[in-house]
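Commentary on secondary and tertiary structure
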Amino acid sequence: MSSQTTAQLYEIFNSIQGEGLYVGERQIFIRFAGCNLSCQYCDTPQSQNLTPEFKVEQTPGKRDFKNYPNPATVTQLLEIVGNFNKHKGLNHAISLTGGEPLLQVDFLKTSLPILKKEIGLFFYLETNGVLPDHLAEIIEWVDIIALDIKLPSATGLSPYWKEHRKTLETAALQNVFVKIIFTRETPPKEIDDATSLIAEVSVDIPLILQPVTPHGSIKHRPQPEQILAAQAIAKRKLQTVRVIPQAHKIFGMV
Ligand code: SF4
């Protein structure tokens, strides 16, 4: 069994969860560096590559980041996360985000049991859903999985239906919801195909449809009637389908 005690990080901060089923919950975010995809509408492109340093917010909400050299150790994480968790009951979870956290699965295997024992918060994993075998290695430690299904039209990538299906089957062992980012150009058939994939695993898995957050232009944002049509397509097969935009950006939060 491999044991990896350090991680390549991009940043650690304390904020509200701005997406998905748990929007508005206070979380401690550990953003891992490095990604195996390069989605067209990535809103954290700075975390796609490894960096010599990672940054840590000193005061929640102030963006007063201090830099530390990569890689980070489990001991450092314990101290930083512990500092953000002094007010017991405030934080809902530790968000493992990126980049793609599952690329560093050996570190997660080492650190999650220690963090769970010392900090005691839920683990909330945000994943692009294309590394099912990596998820299977740590599923016992993850409490909530926010699984992205990447539509070809929104990412500029080929579909990952097989990987998404396998990841979803493993994620369904815990608490999972799916998030789909869609644009004005998304063909309704892609929403339908993704919804079928979810329904084949379980019709009870909640789906969050997230209209794309424009980068300097609103021309890709779906029209209101497209948003309602996408929800109607998904509701034909799934119990819970909500349309939720990125909330943290409204408040200018990270
Ligand atoms: S998987 Fe996430 S972090 Fe990676 S490129 Fe796509 S949106 Fe960005």
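Here the structure is shown first, and the text comes after it.
About the cut-offs
Residues numbered from 1 in each chain as written. Predicted model: local features only at pLDDT ≥ 70, side-chain atom pairs only at ≥ 80, totals over all residues. Heavy atoms only, no water. Pairing = 2+ DSSP bridges. Helix = DSSP H or I, 4+ residues; strand = E, 2+ residues; numbered from the N terminus. Axes fitted to C-alpha atoms, helices over the stretch in contact; angles between N-to-C directions. Contact = heavy atoms within 4.5 Å. Near = heavy atom within 4 Å. Nonpolar A, V, L, I, M, F, W, Y, C, P; charged D, E, K, R; others polar. Core = buried A, V, L, I, M, F, W, Y, C linked by side-chain atoms within 4.5 Å. Buried < 20%, exposed > 50% of the residue type's maximum accessible area, 1.4 Å probe, protein only. Salt bridge = Lys/Arg side-chain N within 4 Å of Asp/Glu carboxyl O.

Focus on the sheet that holds strand E7 (residues 93-97)
Judged by pairing direction, the sheet is mixed, and its 10 strands sit side by side in the order E5-E4-E2-E3-E7-E8-E9-E10-E11-E12 without closing on themselves. In this open sheet, the two edge strands, each paired with only one partner strand, are strand E5 (65-69) and strand E12 (241-243). Averaged over all adjacent pairs, the angle separating strand axes in this sheet is 20 degrees, with direction ignored. The pairing of strand E11 (residues 207-211) with E12 spans three bridges and is parallel. Looking at the pairing, Ile208 lines up with Arg242 of E12. Against the sheet, helix H1 (residues 74-84) contacts strand E2 (9-16), strand E3 (26-32), strand E4 (53-57), E5 and E7, and its axis sits at roughly 15 degrees relative to E2.

Thoughts on the site of the ligand
As a structural note, the neighbourhood of the ligand is formed by Cys35, Leu37, Ser38, Cys39, Cys42, Thr44, Gln48, Gly99, Asn128 and Lys150. Among the residues forming the shell around the ligand, the class breakdown is four nonpolar, five polar and one charged.

A short note on the nonpolar core
Counting 58 residues, the largest nonpolar core has Leu9, Ile12, Ile30, Leu96, Ile149 and Leu207 as the members making the most contacts within it. The element contributing the most residues to this core is helix H2 (residues 105-119), with six residues. If we skip the residues at most four places from it in the chain, Ile12 touches Ile28, Phe29, Ile30, Phe54, Lys55, Val56, Glu57, Phe65, Leu77, Ile80 and Phe84. Ala93, Tyr124, Ala146 and Ile244 belong to the second largest nonpolar core, which has eight residues in total.

Topic: the pattern of salt bridges
Tallied over the full model, the rule gives 14 salt bridges. The salt bridge involving Arg31 is made with Glu11; its shortest N-O contact spans 2.7 Å. Remark: Glu11 occurs in strand E2 and Arg31 occurs in strand E3; sequence separation between them is 20 residues. Here the two residues Arg31 and Glu11 agree in accessibility, since each one is buried. A salt bridge links Glu11 to Lys55; the shortest N-O distance between them is 3.9 Å. Of this pair, Glu11 sits in strand E2 while Lys55 sits in strand E4; the two residues are 44 residues apart in sequence, bridging distant segments of the chain. For Glu11, a relative accessible area of 5% puts it in the buried group. On the basis of relative accessible area, Lys55 is assigned to the partly exposed category, the value being 22%. Here the salt bridges do not stand alone but share partners, grouping Glu19, Asp148, Lys150 and Lys179 into one network.

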